[in-house]
Every structure is written in C-alpha cells, then in structure tokens.
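Each chain, letter by letter, is given below.
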Amino acid sequence: MKKLLFICTANKLRSLTAEHIFNSDNRFEVKSAGTNAHAATALSVELLNWADYVLVMEKKHRNIIRAKFPQIYANKQIICLYIPDIYEYMEEGLIAILQQRINGLFGKLENQ
C-alpha cells in the first residue's frame, strides 16, 4: 500500500479533500498537511518521512519543502499536482481533478 501525503497551504481545503476522498481507497494510506504554521495539521519531518509520495498542490509548496527540509527534499519523491487555490472543501470540481490526477499517476482500481 502506497503512503501518500497531500500538501497545500492551510490543510483545510485541497489537501484535506484529497485525504478524505482517498482515505477509503485500498491502494493507499493517506495523510494531509499544510505548509502554513497555522495549518490544521502542520507539515513536519515525521509526516514527510512517513510518506512514499509527497503530493503538493502548487510549486510553491514544493519550494517550501526544499527550503525547510532540504535533506528530505533531496531524497523524497515529490509530485506537483498543479491545483490552484480556487476550490472549496469537497467541491465537485476539485474532487474530479484529484481523482483524474491520482488515477493518472497510480492507475485506476481494477473493480471500478
């Protein structure tokens, strides 16, 4: 089972939506975090070390990881999903984009 860590800024909209929609997907174990110090769950060394794949919503999130955690950045698979901060939590458009991007990266479930 692949361990996915979804990251956005505040961990209230995009990454939290991703965590919730993929939480029941038997391909993955998922968590989410935010780069902001006041995020619902703040990004940490422990979370980054836990993940097999770090999925950031925007390039700025990858840059923050590079600046704050350079050793982890150099040794971790970090993938940018290029999802702008224009969506609300569990918005249909956001869910569709997340499903499309994740299924494109990791393949669809056999029984879908």
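Being a predicted model, the structure only gives us computed values, none of them experimental.

**Regarding helix α1 (residues 14–22)**
By the criterion of burial, α1 is predominantly enclosed, with seven of the nine residues buried. When α1 is considered as a whole, its buried residues turn out to be R14, S15, T17, A18, E19, I21 and F22. Of the surrounding secondary structure, the elements contacted by the buried residues of α1 are β1 (2–8), β2 (28–34), α3 (59–68) and α5 (92–106).

**Side note on the nonpolar core**
Among the nonpolar cores identified, the biggest contains 20 residues, and F6, F22, M57, L81, I83, L98 and I102 are the most heavily contacted of them. It is α5 that contributes the most residues to this core, six residues altogether. Contact partners of I102, with chain neighbours within four places excluded, come to F6, F22, F28, L55, L81 and G107.

**Quick look at unusual backbone geometry**
Positive phi, normally seen in glycine, also occurs at N11, with a value near 60°. Mapping N11 onto the fold places it in the loop between β1 and α1. Its identity is not glycine, yet Y82 carries a phi of approximately 55°, on the positive side.

**Focus on the state of the cysteines**
Using the criterion set out here, one finds zero disulfides in the structure. Free cysteine C8: the closest other cysteine sulfur is in C80, separated by 12 Å. On the basis of relative accessible area, C80 is assigned to the buried category, the value being 10%.

**Remarks on the environment of N23**
When you line up the elements, N23 lands in the loop between α1 and β2. When its relative accessible area of 51% is taken as the criterion, N23 is described as exposed.

**A few points about the packing of α1 against α5**
Interaxial distance between α1 and α5 falls to 10 Å at its minimum, and their mutual angle equals 65°. It follows that α1 is roughly perpendicular to α5 by the angle criterion. Judged by the sense of rotation from one axis to the other, the crossing of α1 with α5 is right-handed. Residues R14, T17, A18, I21 and F22 of α1 form the contact with α5, whose own contacting residues are L94, I95, L98, Q99 and I102.

**Considering the sheet that holds strand β3 (residues 53–56)**
As summarised here, the arrangement of the four strands in space is β2-β1-β3-β4, forming an open sheet in which the pairing is parallel. The two strands at the open ends of the sheet, each matched to only one other strand, are β2 and β4 (77–80). With strand direction ignored, the average angle separating the axes of adjacent strands in the sheet is 25°. Its contacts with the sheet place α1 against β1 and β2, and it is angled at close to 165° to β2.

Reading the values: rules and limits
- Residues numbered from 1 in each chain as written.
- Predicted model: local features only at pLDDT ≥ 70, side-chain atom pairs only at ≥ 80, totals over all residues.
- Heavy atoms only, no water.
- Buried < 20%, exposed > 50% of the residue type's maximum accessible area, 1.4 Å probe, protein only.
- Helix = DSSP H or I, 4+ residues; strand = E, 2+ residues; numbered from the N terminus.
- Contact = heavy atoms within 4.5 Å.
- Core = buried A, V, L, I, M, F, W, Y, C linked by side-chain atoms within 4.5 Å.
- Disulfide = S-S within 2.5 Å.
- Axes fitted to C-alpha atoms, helices over the stretch in contact; angles between N-to-C directions.
- Parallel < 35°, antiparallel > 145°, perpendicular 65-115°, else oblique.
- Left-handed = near helix turned anticlockwise from the far one by under 90°.
- Pairing = 2+ DSSP bridges.

It is worth stressing that arrangement in space is one thing and function is another; only the former is reported here.
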